[in-house]
Each structure stands twice: as structure tokens, then as C-alpha cells.
Amino acid sequence: MEQVRGVRDPAVLAWLRLARVYSKMQRHLQQHVRRFGLSLPQFDVLAHIGAAEGISQQALAERLLVTKGNICGLLDRMAAAGLVERRADPADRRVNRLYLTPAGRSLFVQVVPAHEAAVARLMGALPPNEQRTLLCLLRTLDRALP
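Residues numbered from 1 in each chain as written. Predicted model: local features only at pLDDT ≥ 70, side-chain atom pairs only at ≥ 80, totals over all residues. Heavy atoms only, no water.

## Notes on the side chain of Gln57
Argument step 1. Following the sequence through the fold, Gln57 ends up in helix H3 (residues 57-64).
Argument step 2. Given the relative accessible area of 15%, Gln57 is considered buried.
Argument step 3. At 3.2 Å, the side chain of Gln57 forms a polar contact with the side chain of Asn96.
Argument step 4. Ignoring sequence-local partners within four residues, the contact set of Gln57 consists of Ile71, Leu75, Arg86, Asn96 and Leu98. (Helix = DSSP H or I, 4+ residues; strand = E, 2+ residues; numbered from the N terminus. Buried < 20%, exposed > 50% of the residue type's maximum accessible area, 1.4 Å probe, protein only. Polar contact = N/O pair within 3.5 Å; in protein donor to acceptor, adjacent residues only side chain to side chain. Contact = heavy atoms within 4.5 Å.)

Below, the structure is given as C-alpha cells:
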């Protein structure tokens, strides 16, 4: 069994390995989206809005697991860059709905497939059957956590 500085518990070792792999993949993917002039948080916003145009700011913040304050600043910067726009919800003027601008849509159709290909390349270290097993294990863990 693998050890890390005296750690023997497989749960702790798995957590440490998962965190290490996540960090390495984040580094690679950050470099990848920079080629499109985006940060990873900006990519996440672009991808989520592109997949669900009209999403509210609140729902986007919940999906990205960030605060409303964090999403507000990020959206301000992306709106200033001409990628997203806020529109008041006609049924509830307190709610902003989010949409991609034409420039945002153009970037979305370029960056999302390229990002997916980059993830697939990184995950390609595992054969497809092991990728499916990993997905199943992570889904089980995800569902078990509050």
C-alpha cells in the first residue's frame, strides 16, 4: 500500500491523490483556456450560460458553488469584455437572467469543444473502462456527501 509521510488510511491516501490529480489537471486546463483569453472561472461561466441561456445569477452561483458576490464581479468583468449580458426577468425585476452576446456565443462554440478535447486528452492516461469505473466511484461518493 502507498504511504504519504506515515499516512496509512486508504481513504486519506485516496483523498490526497484526488486533490493532487485535480490540481495538476487544473493547471493544464488553465493554460489551455488562457489561449482563448479566459480564466477557468470565466470559462465555467461561459460554458454554463451557453448550455443554459437565461439562467439566473443565483442559479449560476449555486451551480458553480460560489457566492453571489463572487459571481457578480465575474459577470461584471465578462460583460465589460462583451461576452455576457444581464437582462431583467420580466416576471421578477429583482432577478437577472444571463445570456451570451454574439461574441460570447462565438467564443463558446470554439472553447467548449476544445476544452472537452483537452480534458479527454488528460483523462486518456486511463483506458475507457477505467474512466467509466472512476466516474461510477466518484458519482457514488458525490451522492453520499451532504
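## Brief notes about helix H1 (residues 10-34)
Argument step 1. With 25 residues, H1 extends 36 Å between its outermost C-alpha atoms, agreeing within 8% with the 36 Å of an ideal straight helix rising 1.5 Å per residue.
Argument step 2. Taken as a whole, H1 has its buried residues at Leu13, Met25, Leu29, Gln30, His32 and Val33.
Argument step 3. The secondary structure elements touched by the buried residues of H1 are helix H2 (40-51) and helix H5 (102-123).
Argument step 4. The backbone nitrogen of Ala11 lies 2.8 Å from a side-chain oxygen of the residue at the head of H1, namely Asp9. (Expected span 1.5 Å × (residues − 1).)

## Details of H2
Argument step 1. Compared with the 16 Å implied by 1.5 Å per residue over twelve residues, the 16 Å span of H2 between its first and last C-alpha is a close match.
Argument step 2. The complete set of buried residues in H2 reads Leu40, Gln42, Phe43, Val45, Leu46, Ala47 and Ile49.
Argument step 3. Those residues of H2 that are buried are in contact with H1, H3, helix H4 (68-80), strand E1 (84-89), strand E2 (92-100) and H5.

## So, the packing of aromatic side chains
Argument step 1. The final tally for this structure, using the stated rule, is zero aromatic pairs.
Argument step 2. When the ring centre of Tyr99 is taken as origin, the NZ or CZ atom of Arg87, which lies over that ring, is 3.8 Å away. (Phe/Tyr/Trp six-rings, centres within 6.5 Å; stacked < 30°, edge-to-face > 60°. Lys NZ or Arg CZ within 6 Å of the ring centre and 35° of its normal.)

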